[in-house]
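Notes for the structure review
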Amino acid sequence: MIAASAPVKEQKNYLNAENGLKSWLLTQDHKRIAILYLLSVTVFFIVGGLFAALIRLELTTPAGDMLDSNTYNKVFTAHGVVMIFFFLIPSIPAILGNFLLPLMIGAKDLAFPRINLLSWYVYMLGGTLGVIVLATGGVDTGWTFYTPLSTTYSNGYVVLTAMAAFVAGFSSILTGLNFIVTVHRMRAPGLTWFRLPLFVWAHYATSVIMILGTPVIAVTLFMLMLERGLHIGFFDPAYGGDPVLFQHLFWFYSHPAVYIMILPSMGVISEVMSTFCTKKPFGYTFIAFSSVAIAVFGFLVWGHHLFVSSQSAYAGMVFSILTYIVAIPSAIKVFNWAATMYKGQVRLTAPMLYAIGFIGLFTVGGLTGLFLAAMGLDVHVTDTYFVVAHFHYVMVGGAIMGYMAGIHYWWPKITGRMYNQLWAKVSCCLVFIGFNLTFFPQFVLGYMGMPRRYHVYPAEFQVLNVLSSGGAAILGLGYLIPAVYFLWSLKYGAPAGDNPWGATTLEWQTSSPPPTTNFEVTPVVTTEVYDYTNAEVPHIV
Amino acid sequence: MSSHSSVAAHDAAHDPNLKHHFENADQQKESASIGMWVFLLTELMFFGGLFLAYFVYRQWYPEAFIAASNKTDVLVGAINTTVLICSSLTMALAVHYASKGRRELLVLFLIATLLLGGIFLGVKGYEYHDKWVHHEIPGEHFECHGCADEVHTQLFFSLYFGMTGLHASHMIIGFGVLLVLIWQAWKGQFSAKWYTPIEMFGLYWHFVDIVWIFLFPLLYLIDRVGRPLL
């Protein structure tokens, strides 16, 4: 089937419909904007990764022999700011969501194509400000910008960095707004809410968080900039303010932001699981509503970041319980994915391997989150490497594994080409091994009391730190190999055909790569989603 | 399925304002409307952070907030409130006449809205200047003679400038959009069939107006009961 569907004469698609730089920079096609995001987000991923490499290099020895403390502060801040605001938050929604949402609901485009393009330019403006900060000397506050360090004592470019995050935030608001309106108003005839792919549900829930949470970080950074730049103070006690208010406002966005990063990945995993188990996801409605539940409860747990910040014990207890509650919808998803595999026709393709890896690593990340939700235990491990390991299990083990699963799953649709499965599986194994080697020792280090954000540490922590740095090197290699075989596939990959995996959702019913208008005729949906009764299941090598 | 696409093609051929990716004008208008309301929701959260800070600090330092609030000029604030409410009326009339396809009246009321918005910003500038002269701008030059709690009086003024400043920046953006809309309305780009941008901008303008309706009592009127207003 793969070779047979390759046309003799190349047909017009979104990639070759128009040529020239201008046709890309002024495009209003959601698929081309997704490609613009793919390229720019990848650049920021590489930048953030280089900073991570510097951190791990420095930490191979107990002494601070490569970076002084001030530089080290700037390096981990740069790693955090770049990875969170310029990689993780836009990664899946702005690339895969942008590309797939209209295709999955049978629409010609997102509701507001010009706003979609604007969001990319806003993102690039924020990114440019971020790059200016990095080039001119950086900032040393950590990505959290806690006051009064950021507003009074820091000697870095705080206002410019805050401005970069502020501007990038508007790009994510615009994306979320576009997705919400698109899902409400642009669905194909017959495509009811409960026929939507779970990827769409996950992105809808993500968009709700984006539009409700992001404005709050925007106004918080606005106040921070006023305080730092104009001495119009809100948080520094010298101006009569309270620094803990900053922490409340900051985490009111930044905890839900964790769900902005993980929910789209969960959507990817639901799609990949269904396709490669050749089975409707077990508990479709439960998975759909658990996305919504995560979006709602995610807004009520920010106080667990303030257990040691003078928050009252009673408030702490409420936040602790709510944090346990938000784990329930995540657990529902994990159990449902596992149940989907049970008695399914499981095909271990590269995307499927990534998805299975996601489930394992995300489960570890989620469960250690419950440790941190327990107030007593949290006091012991606050600001240690235990926390660092926990959120890297969720963000790298969860969000990035999901992103990789998604890129591997939809690459044939996006480019029309297949990549080498063997190399993809090898690199997935490298990522899995390298990741665990990097971050598992950090749980132990943190529990033993190694604090985060220091460039020196006692000699007895060295063995575990060297293991972690070695793991990071393997992880880096695991991320590098896909770049090679993906680029290779663009020229030498076999034509993918419309539906190389035997998937059922709408995006696989149009050609690969899709035409500019997505579908020749608007599809009319008459069957339930994930209906495999008539599906062909191709054998993939 | 074929009927759908042919209907879309038919509409697209006759309606220059219908974008190619929508099936029909209703879908396009509903999308714009939902999009605008979602945007206003984000605006609500945006202002919400400052309102939260205001409520927390006012709860903690009521005396300082009362003392600071009484330093604002109620008469000027009240005049500005009236001006802004009038601008909402002219905006509502502009939308009304847009829906009737009355080009001249649409342009007239958009210009009226623009002028009233401009008056508001001018008065706001006068107030800021007054605060500058009296050293009531937070920072090194802040002075408050005879204040019982100087640092928290200053905090009130931080909130005053943060909140009115964010509000004024929304007015300025609205001012810019109005200029474009007046130009487009003058050129006759809107009709009774299609005036979506006017309607959506009306929603934005009323929202900015409503924010001020909350700011005015919170900043000017905390403790004016039983006191001479002037």
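Residues numbered from 1 in each chain as written. Chains lettered and ligands numbered in written order. Predicted model: local features only at pLDDT ≥ 70, side-chain atom pairs only at ≥ 80, totals over all residues. Heavy atoms only, no water.

Our focus in this paragraph is the overall build of chain B. In terms of regular secondary structure, chain B is built from 7 helices and 0 strands. In terms of C-alpha radius of gyration, chain B reaches 22 Å, well past the compact-globule figure of 17 Å for 230 residues. With the C-alpha coordinates of chain B rotated into their principal frame, the extents come out at 75 × 35 × 35 Å. Per-residue burial for chain B yields a buried fraction of 46% across its 230 residues. Carbon and sulfur atoms form 67% of the exposed surface of chain B, whose accessible area is close to 11200 Å². Taking the 13 positively charged and 19 negatively charged side chains of chain B as two groups, their mean positions are separated by 9 Å. (Helix = DSSP H or I, 4+ residues; strand = E, 2+ residues; numbered from the N terminus. Rg over C-alpha atoms; globule rule 2.2 N^0.38 Å. Buried < 20%, exposed > 50% of the residue type's maximum accessible area, 1.4 Å probe, protein only. Areas by Shrake-Rupley, 256 points an atom, 1.4 Å probe, with all protein chains shown as cover. Lys, Arg positive; Asp, Glu negative; His and termini not counted. Charge placed at Lys NZ, Arg CZ, Asp CG, Glu CD.)

The next thing to look at is the overall build of chain A. When its secondary structure is counted, chain A shows 15 helices and 0 strands. Taking 2.2 N^0.38 as the reference for a compact globule, 541 residues should give roughly 24 Å; the C-alpha atoms of chain A span a radius of gyration of 23 Å, in line with that estimate. Each principal axis of the C-alpha atoms in chain A carries an extent, and together these give about 70 × 45 × 45 Å. Here chain A holds 541 residues, and the buried ones make up 62% of them. Intrachain contacts of chain A at a sequence separation of at least 6 include 83% that bridge at least 24 residues. Total accessible area computed for chain A in this model is approximately 19500 Å², and 71% of it derives from carbon and sulfur atoms. Side chains of chain A give 24 positive and 21 negative charges; the mean places of these two sets differ by 11 Å. (Contact = heavy atoms within 4.5 Å.)

The angle between the axes and the distance between the axes are what describe a pair of packed helices. Residues and elements named next belong to chain A. Orientation of helix α2 (residues 30-58) relative to helix α13 (residues 385-415), taken along the N-to-C sense of each, is 145°, at an axis distance of 14 Å. You can see that α2 and α13 cross each other, and the crossing is left-handed. Residues I35, L38, F45 and R56 of α2 touch α13, and the partners they reach there are Y385, I400, Y403, I407 and I414. Within the contact of α2 with α13, the residues separate by chemical class into 8 nonpolar, no polar and 1 charged. (Axes fitted to C-alpha atoms, helices over the stretch in contact; angles between N-to-C directions. Left-handed = near helix turned anticlockwise from the far one by under 90°. Nonpolar A, V, L, I, M, F, W, Y, C, P; charged D, E, K, R; others polar.)

Let us look at the interface of chain A and chain B. Frequently, the measure chosen for interface size is the accessible area that the parts lose on association. Opposite the 44 residues of chain A that make contact, chain B presents 40 residues. Together chain A and chain B conceal approximately 3300 Å² of surface at their shared face, both sides included; 73% is due to carbon and sulfur atoms. Ranking the residues of chain A by area buried against chain B places K108(A), R185(A) and F234(A) at the top, with a combined share of 15%. Between the two partners, chain A and chain B, sit 2 salt bridges. Note that R185(A) is salt-bridged to E30(B), the shortest N-O span being 2.6 Å. (Buried area = accessible area lost by both parts, 1.4 Å probe. Salt bridge = Lys/Arg side-chain N within 4 Å of Asp/Glu carboxyl O.)

Here we come to the state of the cysteines. Inspection of the entire model under this criterion finds 1 disulfide over all chains. Bridging C144(B) to C147(B), the disulfide has an S-S length of 1.5 Å. Overall, C147(B) belongs to the partly exposed group, its relative accessible area being 22%. As a non-bridged cysteine, C428(A) has C429(A) as the owner of its nearest cysteine sulfur, 5.7 Å distant. A relative accessible area of 3% places C428(A) in the buried class. (Disulfide = S-S within 2.5 Å.)

Two measures describe an aromatic ring pair: the distance that separates the ring centres and the angle between the ring planes. Residues and elements named next belong to chain B. The tally for this structure, following the rule as stated, stands at 71 aromatic pairs over all chains. With a centroid separation of 5.2 Å and 40° between ring planes, the pair formed by F216 and Y220 is classed as tilted. Taken as a pair, F216 and Y220 lie in helix α7 (residues 196-220) at a separation of 4 residues, close to a single helical turn. You can call F216 buried: its relative accessible area is 11%. On the basis of relative accessible area, Y220 is assigned to the buried category, the value being 0%. Against the face of Y195 rests K29, its NZ or CZ located 4.6 Å from the ring centre. Looking at K131, its charged tip hangs above the ring of Y160, at a distance of 5.2 Å from the centre. (Phe/Tyr/Trp six-rings, centres within 6.5 Å; stacked < 30°, edge-to-face > 60°. Lys NZ or Arg CZ within 6 Å of the ring centre and 35° of its normal.)

Another aspect to go through is the confidence of the model for chain B. On average, residues of chain B score 90 in pLDDT, and 92% of them are at 70 or above. Contacts from residues 1-12 of chain B, a stretch scored under 50 in pLDDT, to residues over four places away or in other chains number 11 contacts. (pLDDT = per-residue confidence, 0-100.)

Residue and element names in this part refer to chain A. The linkage connecting T147 with the following residue, P148, adopts the cis geometry, with an omega of -5°. Checked against the element boundaries, P148 lands in the loop between α4 (113-136) and α5 (149-153). In the segment running from S512 into P513, the intervening peptide bond is cis, with an omega of -10°. By secondary structure assignment, the location of P513 is in the segment after α15 (462-492).

It is worth spelling out helix α14 (residues 421-448) of chain A at this point. Residue and element names in this part refer to chain A. Helix length check: α14 (28 residues) gives 41 Å between terminal C-alpha atoms against 40 Å at 1.5 Å per residue, within 8%. Of the residues that open α14, the one with a side-chain oxygen 2.9 Å from the backbone nitrogen of L422 is N420. One or two positions beyond α14, positive phi appears at G449, with a value near 110°. (Expected span 1.5 Å × (residues − 1). Polar contact = N/O pair within 3.5 Å; in protein donor to acceptor, adjacent residues only side chain to side chain.)

Residue and element names in this part refer to chain A. In the contact formed by helix α6 (residues 158-185) and helix α7 (residues 198-230), the axes pass within 7 Å of each other and the chain directions differ by 155°. Relative to α7, the element α6 lies roughly antiparallel. Two packed elements cross with a definite hand, and for α6 against α7 that hand is left-handed. Here the residues of the contact of α6 with α7 are counted per class, giving 23 nonpolar, 8 polar and 1 charged. (Parallel < 35°, antiparallel > 145°, perpendicular 65-115°, else oblique.)

This paragraph deals with the environment of V183(A). Residue and element names in this part refer to chain A. Tracing the backbone shows V183 in helix α6. A residue is classified by how much of its surface remains accessible, and V183, at 1% relative accessible area, is buried. Sequence separation of V183 and L54 is 129 residues, and the distance between their C-alpha atoms is 42 Å. Those residues in contact with V183 that sit more than four places away from it in its chain are L101, W193, L196, V200 and Y204.

With that settled, the discussion passes to the environment of Y253(A). Residues and elements named next belong to chain A. Of note, Y253 is situated in helix α8 (residues 243-277). Classification of Y253 as buried rests on a relative accessible area of 3%. A C-alpha to C-alpha distance of 36 Å links Y253 and K425, two positions 172 residues apart in sequence. Setting aside residues up to four positions removed in sequence, Y253 forms contacts with F85, I89, G213, T214, I217 and I260.

Residues and elements named next belong to chain A. Mapped onto the secondary structure, A483 falls in helix α15. A483 gets classed as partly exposed once you look at its relative accessible area, which sits at 38%. Note: C-alpha distance between A483 and Y157 (326 residues apart in sequence) is 33 Å.

All right, on to the nonpolar core then. W410(A), L110(B) and I198(B) are the most contacted members of the largest nonpolar core, which has 231 residues in total. Among residues more than four places away in sequence, those in contact with W410(A) are L96(A), L100(A), M104(A), F199(A), V268(A), E271(A), E507(A) and W508(A). Grouped together as the second largest cluster of nonpolar side chains are 15 residues, L67(A), V75(A), M450(A) and F461(A) included. (Core = buried A, V, L, I, M, F, W, Y, C linked by side-chain atoms within 4.5 Å.)

On to the side chain of Q311(A), then. Residues and elements named next belong to chain A. Here Q311 is to be found in the loop between α9 (284-297) and α10 (313-341). Using a relative accessible area of 15% as the deciding quantity, one classes Q311 as buried. Looking at Q311, its side chain comes within polar contact range of the main-chain oxygen of G303, at 3.3 Å. If sequence neighbours within four positions are ignored, Q311 has contacts with H248, G303, L306, G316 and F319.

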